[in-house]
Amino acid sequence: MSSSLDPNLRRALADHVRFYNDLGIFDFYRREVTGVDPVEGSATQPEQQEDMARTKTAIAVLEACEGPLEATNREREFSIADPAQGLRAIREDLGDCIRCRLHKQGRKQIVFGVGNPNAELMFIGEAPGADEDEQGEPFVGRAGQLLNNMIRAMGLRREDVYIANIIKCRPPGNRTPERDECETCSPFLMRQIAVIKPRVIVALGAVAAKTLLAINAPMSELRGRWYDFRGTKLAVTYHPAFLLRDPRQKKEAWKDLQMVMKELGLPALSKSSE
Ligand code: URA
């Protein structure tokens, strides 16, 4: 398909696919079905036909705009029903990433994400700090200890949820991630979300909230309500590092977490996190 396409059509198709990918949509449908499994040669069920057509079309379209290697990586992800396997495919695709400047600005390792691939609840922070860069896992420093307490206060364990960041490499001196760094890295986060399919996402802090929601507003306005993030409920709360600096805000964060617990049907507990 890639060699026979008119270049203008190819460009338009690539733009179209990228637009949908940016929205977190990786599946594309077409009507044409043959009724015969091309591998087995046997008649297939309508749902199988639909699935096969969907996968083949998506791969062909992606081949046209990304080249065969990226498309092959996606092919694996499309056909993977197991989220753990899907996450492994995304990690492999990320490789030893050099897509933005952060790879040459002192990062020790990529901090991909950690937790339950079937999690109903996903926390998204800003960027790895020094401890995370050292250990290769998000939220393992002081802010991470507080996040663990917040998770426990909800009646959950760290292993029950999935934790990731907007960007996967530590910015030098823990500076705020640049816009282009977020744009380069976030497609991988979008794919992680698409594979995990959490019921609720909690954005930790203003950078995560503003990046995910593309809203420029103060935390006081961002908190305390639900957002629709590509079909998933998203709530915003204070970043644990901010709560370490201003512990008086913990009771406000607890209100946010209680809102999340209610949505997830978790029993209401009266204890706030310390
Ligand atoms: N702060 C973040 O936003 N993410 C981490 O992983 C650690 C600290």
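The structure reproduced in this document is the subject of the present report. Keep in mind the model is a prediction, meaning the values are calculated, not measured.

Each value, and the rule that gives it
Residues numbered from 1 in each chain as written. Predicted model: local features only at pLDDT ≥ 70, side-chain atom pairs only at ≥ 80, totals over all residues. Heavy atoms only, no water. 1 Å grid on protein atoms, 1.4 Å probe; cavity = no way out; pocket = protein on both sides within 12 Å on 5 of 7 lines; lining within 4 Å. Points joined across faces, edges and corners; volume = space filled by probe spheres on them. Helix = DSSP H or I, 4+ residues; strand = E, 2+ residues; numbered from the N terminus. Nonpolar A, V, L, I, M, F, W, Y, C, P; charged D, E, K, R; others polar. Buried < 20%, exposed > 50% of the residue type's maximum accessible area, 1.4 Å probe, protein only. Pairing = 2+ DSSP bridges. Axes fitted to C-alpha atoms, helices over the stretch in contact; angles between N-to-C directions. Parallel < 35°, antiparallel > 145°, perpendicular 65-115°, else oblique. Contact = heavy atoms within 4.5 Å. Lys, Arg positive; Asp, Glu negative; His and termini not counted. Salt bridge = Lys/Arg side-chain N within 4 Å of Asp/Glu carboxyl O. Polar contact = N/O pair within 3.5 Å; in protein donor to acceptor, adjacent residues only side chain to side chain. Core = buried A, V, L, I, M, F, W, Y, C linked by side-chain atoms within 4.5 Å.

**Observations concerning empty space enclosed by the protein**
Using the criterion set out here, one finds 2 cavities of 30 Å³ or more in the structure. Estimated volume of the largest cavity: approximately 120 Å³. Lining the largest cavity are 14 residues, and of these Cys-97, Arg-99, Cys-100, Cys-169 and Cys-185 sit closest to its centre. At 3 residues, helix α7 (residues 179-196) tops the list of elements feeding residues into the lining of the largest cavity. Considered class by class, the residues forming the lining of the largest cavity number 9 nonpolar, 2 polar and 3 charged.

**Focus: the pairing of strand β3 (residues 162-165)**
Side chains Tyr-162 and Ala-164 project from β3 onto one buried face, and the interleaved Ile-163 and Asn-165 project onto a second face that is buried too. Direction of pairing for strand β1 (residues 114-115) relative to β3: antiparallel, over a ladder of 2 bridges. Directly across from Gly-115, in β3, lies its bridge partner Tyr-162.

**Remarks on the packing of helix α4 (residues 83-94) against α7**
One way to put it is that α4 packs onto α7 with a least axis distance of 9 Å and a crossing angle of 170 degrees. By the criterion of interaxial angle, the relationship of α4 to α7 is roughly antiparallel. In this structure, α4 contributes Pro-83, Gly-86, Leu-87, Ile-90, Asp-93 and Leu-94 to the contact, and α7 contributes Phe-188, Arg-191, Gln-192, Val-195 and Ile-196. For the contact of α4 with α7, the residue count by class is 7 nonpolar, 2 polar and 2 charged.

**Observations concerning the sheet that holds strand β6 (residues 232-237)**
Pairing in this open sheet of 6 strands is mixed, and the strands run β1-β3-β2-β4-β6-β5 from one edge to the other. If you trace the sheet from one side to the other, it starts and ends with β1 and β5 (227-229), each paired once. The pairing of β5 with β6 spans 3 bridges and is antiparallel. In the strand pairing of β6, Phe-229 is matched with Thr-232. The strands touched by helix α11 (residues 250-264) within the sheet are β2 (121-125), β4 (200-204) and β6, with β6 carrying the most contacts at an inclination of about 165 degrees.

**Remarks on the side chain of Asp-133**
Note that Asp-133 resides in helix α5 (residues 130-135). One buried charged side chain, Asp-133, makes no salt bridge at all; its nearest oppositely charged neighbour is Arg-170, positioned 4.8 Å away. Looking at Asp-133, its side chain comes within polar contact range of the main-chain nitrogen of Lys-108, at 2.8 Å. Beyond its immediate stretch of four places on either side in the chain, Asp-133 contacts Gly-106, Arg-107, Lys-108, Gln-109, Val-111, Pro-128 and Arg-170.

**Describing the nonpolar core**
Leu-121 and Phe-123 are the most contacted members of the largest nonpolar core, which has 62 residues in total. Sorting elements by how many residues they give to this core places α7 first, with 8 residues. If we skip the residues at most four places from it in the chain, Phe-123 touches Leu-147, Ile-151, Met-154, Val-161, Tyr-162, Ile-163, Ala-164, Val-202, Leu-204 and Leu-257.

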